Structure formats: structure tokens, C-alpha cells
There are 2 protein chains.
Amino acid sequence: MIDGHSIAGIIDVAADAGVSPTTVSHALSGKRAVSAKTRLKIQESVARLNYQPNLVARGLRSQRTHTIALLVADISNPYYPEVASGVHDVLTRDGYLPFVCNTNGVAEAERTFLAEFVARSVDGIIMHPMALAPAEIRFIVGRRVPVVIIGEDDGSHSVDFVRSDDRTGISAGVSYLHDQGHRSIGFISGPVGIGPGDARLISFRLAVAALGLRTDDEWIARGPYTRDGGLDAGARILASSTPPTAIMCANDLIAIGAMDAARAAGLAIPSDIAIIGCDNIGIADLVSPRLTTIDNNARGVGIACAETLLLRIADGPDAVARHTALPTRLVIRQSA
Amino acid sequence: MIDGHSIAGIIDVAADAGVSPTTVSHALSGKRAVSAKTRLKIQESVARLNYQPNLVARGLRSQRTHTIALLVADISNPYYPEVASGVHDVLTRDGYLPFVCNTNGVAEAERTFLAEFVARSVDGIIMHPMALAPAEIRFIVGRRVPVVIIGEDDGSHSVDFVRSDDRTGISAGVSYLHDQGHRSIGFISGPVGIGPGDARLISFRLAVAALGLRTDDEWIARGPYTRDGGLDAGARILASSTPPTAIMCANDLIAIGAMDAARAAGLAIPSDIAIIGCDNIGIADLVSPRLTTIDNNARGVGIACAETLLLRIADGPDAVARHTALPTRLVIRQSA
DNA sequence: ATGAAAGCGCTAACAG
DNA sequence: CTGTTAGCGCTTTCAT
């Protein structure tokens, strides 16, 4: 036996079992009652011929492929595997094939992938957009394919959104810094209009204002969501006329870069400068000092996305959109 | 305009352009000469109707889906995104849609995914098996779907393999430790029969023997490819009657766990105990002390896998199998 | 350079 | 409970 893959089709099974292809189809799908005797014959034939349904043909005929695309900006960012894990566990349980594609944060790649998913008749898309606005996503994908967007909603009620409720976690972080005696707190965000940085910066400003702390524009910097981005932005903040005593960052990689910048400036962490990240990726617990950060429950986001998508598939395109915000929490380690 | 997704089919385009669907198909695929005037008309109709070919139908008819599955054991392991990145760049350039699926290292999941890929008529599979042997993979997938396996080849010449040449890098690591004065070197591998640990342990034994160093069974331990696995295994080695002065590890996560174990035992790194990892994942440069490790060129492996797969697709199943070994190198940082 | 007809493998719609 | 017919949307013969 060299080859475990036979090329038997449903017609071969039907002939072998002495029934019609339709009956074989229904015996396998359970969509129509089939007598026990017939079902047994069919199961024997399926096993004997090693029949594997052609899922492409099934998809064309039934207009449902049982595939779900998860489109992420940077699979190297450890945040996404967590989301993917949650998505995976929920969807495989329901018989879907979830698969991951990677845009590298390029807007044109986001467009290309979305169009490709539609052309391939995926049953749903879960996406963390880096460059595309929800309206454009909806425009590209159309109404036939359900989309769940990870991130801040745009106010419209025509798309499902799932997000981490950064505000609670960031507020907790700022309060914690305040309790530690910090009165001047900086923030490093991502590039304008890209990713979660804008929203996190707003949450930060609100939290700071709520405590009656002042903010200085010199304490706010932006850069790519990378270690190097954090290094540059951190260095700029630390070079300001009166540097802050603490810095919050829009993600953990930026925070790790900011720690590099602090060390390069000869500052001790957290005694000279406290640093807090966002995301609580695996690395956060491995760096030195261990990173205090906001856990955004990435796996929970993945689970919520998958569940939202399944509900949307069940309810159809006209059902009211769901906007889910999952709580975040401060994880106190050593960097603050 | 609420919906960017039209439901125009090739028949609508043909009617709009005043030609047959056959001609539209050929105008788009370029598989048959079409007059310039006709092609222009068709392009206009395609644009006006916003025609998007149905790729499921195309796949059923042409028996080629232009999809490539990348099956990995643990997408959370930072090694895989690197591989995926290389795979992605090569395959998208050739018009394929590469997608990633995750088995969590469960043998049954590997089987299930492979069968699903065949049923979905993917044009190729790139896989890093954790539990399945090459023969079983070939058996499940059959001859129709090309497979490139990441890892040690099994001696047969019926499957394409791509691997990092661990031996050169591990040999360099052992020599380096020897140069530093180490004469007793331990090794932490993965579970028996799972992943690259077995082969790396063999390479280690050869390198140690080549330098005339003795090995002690107490200095060899095994555990899961995780930080906790490295912590446990490292603690066991350090608790042996005469602990080694250096430990090499089958991957970086194990090495980071071994560093935990060393610290827990009150040992300084690298002065009391030197530690070397394998893979050079991003974290390796972020931990403290920064991890000396063997870079296995994960992105290069991804590129080689994709190129091997494309050649296999072009050459057919009967062409001789390619076994590619990419060089690895020692990256000296602080832990050794 | 183009069209007509057939069919990829399956399931839905329509019968009994 | 089962079968017959039709057709998902496209590409491939085969014919001109």
C-alpha cells in the first residue's frame, strides 16, 4: 500500500453500496433520514473505498466552504498567536477550518487578502486591521461574507467588533503609577492611524486627566510597534527638558525598546524610570527587569471573535451588530 | 454604494462584452490568444461589473486551487512565524495563497489537518511534523498532493525535505565551549521521538566525542520544548552528583528555562554555568543574560520549503526528491 | 481567433 | 425513506 489517498468519488461509493449518490450524501451529512441498513452499507463502502469527500465540489454546490480566514498584521508579533489559538479552539469544535494569513501591516495586502477570501468563498473573516477602515473593509467584502473586526468600532452598527477594553487596564496602570508617587507620566504610541495606539493614547490622556495630573507634549512620542520604535521614541522622551518619571507604552515591544533607551541613558528601572507595556505577550515575563504590563486577554479576544462570527453566520447579515469589549487588567512585575 | 461585492459571474461579463464565456476565461488567464480589441472590451466589462472570478468553481474545474498549507506544531513558538514569513514571500510572488494551520503538536490533529488539506485540494503542503513519521504523512496525503517536510529526512527518496544543518552549528557551539575551558557539557533534549531534539542530541554527542570529551548520562535530560520543560530538566541536571559546567539545549525556550533553573540553584551565568540554546528566536536577544544560541535560519528554511514545493509542483511526483540542509551558525551573546 | 458543449464532484430541488 | 434531475461557475475539450 503505497498510497493512502484513493480517488473514489461519491458515485463510486453509491455504486458500491447499491444506492444513489443522493442517499450517500444524506447518509454522510445527516440532512435527511436514511434507514439504518442503508447507512451501514454506505459506511462500509466509504471505509472500503477510503472515500474522502471533495470539499471543493461541496463548497461550490452548497455555497459554504466551512473555512474561516484570520487576517493579522504581523504573525511575528506574539500577540496574534494567542488570538489565533482562541479562534482555532472555538471554530474547529464547530467543524470549521480556521487558517491564518499575514499582511505585514501593508494596506494593499489587506485589500488583496480580503478580495481573495471573498473569491474563495470563505464562510467568515476575522481581521485585525492595521490600515483599512471598517467602512472600506465592509465595502471590499460586501454583505455576503461575515466579518468580525478586532479593534475599536467606528460607531456604525453594521459590523461586528471585538476589542480589549484598554481603558480599564490603562486606567489601572496610571492609578498604580500615581500610587507609587509618579506625577509626570509619558506615553509612547504607534504611528498615527495605525493599530491600537491612538485609542490607547486617548485612554491614557483620560486616565491622567482624571487624576489631575498634567501632561507635557514632550512626554508623548510615536514610533513603529517594534523594539527599535520604542528605543527611538523612548530616547526622545528621555531627552526632553524635564523627562517624566514613568512611561506607558502602546505595546510590549515598544516598552522593551523604551527599557533599552532608559538603560542607554544610564537610568535604573523602575527606580529612575518606571515603564509599563500593553499586551502581556510571552516575552514580557522573560525580559529583565520583568515587564509590568496590561494584559489584554488576547486568547479571550480570539474566542469572542469566533463566537461572534458563529452567531453572525447563524443570524444572517441583517441581525444587529455585536460590539464586545473584554476587560483588561494590570499585571505588576518589576518594571514599574 | 453600500456593497463593493457584486455577484457578477463570467456569463454576465461575456454577455456584457458580447463574447462567449470561453473567450472571457481565456482573456483573463492568457491561456489562449485573444484579439486586442476583444480583450479590451472584456477588461471594460470586468471593471464595470466588478467581476471577481469564483475561485472555488475554478478550483473544481481546473483541479488546482493555488493554495498552499503550512502546518506547524505550535504557532506560539516564535520559530514558526519566521518560517511562515519566508514561505509567504516566495509563494505570494507566484500567485499562491499560503495559509497557516496549527496542530498544537497533537498527532491526531496532524492527521486530521492533512486529510482536510487533501479533501480541499490544496496544491501543496509544507509541514513541520511533531508526531507523524514521513511514511505516514506520505500515506495520508498520497501522491497527488506535494509535501515538503521540515526536519530530518528518513532516508527515503520519495519526499522532499528541508532542514537546518544543526550539526555545523552545534559543533561550533561545543567547540566554543571547549575553547572557553569547559570539559563537562550537558544537553537538554525534547521528548523522545518528538521534534528536532533527537537529531540535535546526536549532533551534540558526535561533537563532544570528536573533541575527546566524556559525557555522563546524568548530564542528559529531556522535557517538553517549553520554558517549564527547561526549568525541570535543568534542575535535574544541576542536581546530579557532579554537574556539568555548561548545558546546551534543544531549543531556546528550554534554554531560558535552564537559565531559570541555574538562577534558582544560585549559579551565575555564564561564570558558574554556561548555557546555549537553539533557534535564535527573537526572545533570545531580550532575555537577561542575552542568550547565546544556534541560529537555524528559520526564514531561510521557509524560503527553501516554498521553492522546493514550487519545483515539485512543476516537476511532478516522479522527479527525484530534494533534500536541502541549510547552514546554521553560533550566535555568541552573554549566556556562554 | 472564437464558440458550443461537456463536465469537475457534489448537493438542492423536485419527485415519488 | 429513496431516486432523478438539474446546476453551483468555471475551464476544458472539440470544433470551426
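Rules used throughout
Residues numbered from 1 in each chain as written. Chains lettered and ligands numbered in written order. Predicted model: local features only at pLDDT ≥ 70, side-chain atom pairs only at ≥ 80, totals over all residues. Heavy atoms only, no water. Contact = heavy atoms within 4.5 Å. Buried area = accessible area lost by both parts, 1.4 Å probe. Salt bridge = Lys/Arg side-chain N within 4 Å of Asp/Glu carboxyl O. Polar contact = N/O pair within 3.5 Å; in protein donor to acceptor, adjacent residues only side chain to side chain. Helix = DSSP H or I, 4+ residues; strand = E, 2+ residues; numbered from the N terminus. Near = heavy atom within 4 Å. Nonpolar A, V, L, I, M, F, W, Y, C, P; charged D, E, K, R; others polar. Domains from an automatic or database assignment. 1 Å grid on protein atoms, 1.4 Å probe; cavity = no way out; pocket = protein on both sides within 12 Å on 5 of 7 lines; lining within 4 Å. Points joined across faces, edges and corners; volume = space filled by probe spheres on them. Pairing = 2+ DSSP bridges. Axes fitted to C-alpha atoms, helices over the stretch in contact; angles between N-to-C directions.

**Here we look at the interface of chain A and chain B**
- Contact with chain A, which involves 46 residues of that partner, is made by 46 residues of chain B.
- Summing both partners gives a buried area of about 4,300 Å² for chain A against chain B, and 66% of it is carried by carbon and sulfur.
- For chain A, the biggest contributors to the area lost against chain B are Val56, Arg120 and Leu286 of chain A; these three give 15% of the whole.
- Connecting chain A to chain B are 2 salt bridges.
- We note a salt bridge from Asp285 of chain B to Arg227 of chain A, for which the minimum N-O separation is 3.6 Å.
- Counting the contacts that link chain A with chain B gives 7 residue pairs in polar contact (both at pLDDT 80 or more).
- Looking at the side of chain A that touches chain B, the elements with two or more residues in it are α4 (55-62), α5 (79-93), β2 (97-102), α6 (107-119) and α7 (134-141) of chain A.

**What to know about the protein's contact with DNA strand C**
- Taken together, the neighbourhood of DNA strand C is formed by 24 residues, with Ile10 of chain A together with Thr23, Arg32, Thr38 and Arg61 of chain B sitting nearest.
- Atoms of DNA strand C within 4 Å of the protein: sugar and phosphate make up 60%, bases the balance.
- Between DNA strand C and Lys31 of chain A, the relevant distance is 3.4 Å, taken from a phosphate oxygen to a side-chain nitrogen or oxygen of the residue.
- The separation between a phosphate oxygen of DNA strand C and a polar side-chain atom of Thr23 of chain B is 2.6 Å.
- Broken down by secondary-structure element, the contributors of at least two residues to the surface near DNA strand C are α2 (21-29) and α4 of chain A together with α2 (21-29) and α4 (55-62) of chain B.
- Sorting elements by how many residues they give to the surface near DNA strand C places α4 of chain A first, with 3 residues.
- Residue classes in the surface near DNA strand C are distributed as 8 nonpolar, 10 polar and 6 charged.

**Side note on the domain arrangement of chain A**
- Under the domain assignment used here, chain A contains domain 1 (10-53), domain 2 (63-165 + 298-322) and domain 3 (166-295).
- Between domain 1 of chain A and domain 3 of chain A, the C-alpha centre-to-centre distance is 62 Å.

**So, empty space enclosed by the protein**
- Counted according to the given criterion, the structure contains 4 cavities of 30 Å³ or more.
- Approximately 300 Å³ is the volume attributed to the largest cavity.
- In terms of lining residues, the largest cavity is bounded by 17 residues, among which Thr67 and Arg120 of chain A together with Thr65, Thr67 and Arg120 of chain B are the most central.
- Of all the secondary-structure elements, those providing two or more residues to the lining of the largest cavity are α4 and β2 of chain A together with α4 and β2 (97-102) of chain B.
- Top contributing element to the lining of the largest cavity by residue count: α4 of chain B, with 3 residues.
- Broken down by class, the residue content of the lining of the largest cavity amounts to 10 nonpolar, 5 polar and 2 charged.

**A short note on the sheet that holds strand β8 (residues 246-249) of chain A**
Residue and element names in this part refer to chain A.
- A sheet is described by the order of its strands in space; here 6 strands give the open sequence β7-β6-β8-β9-β10-β12, paired in mixed fashion. The sheet terminates laterally at β7 (220-222) and β12 (329-331), the two strands that pair on one side only. The average undirected angle you get between the axes of adjacent strands in this sheet is 20°.
- Sheet topology places strand β10 (residues 292-295) next to β12; 3 bridges connect them, and they run antiparallel. Bridge pairing in β12 places Thr293 opposite Val331.

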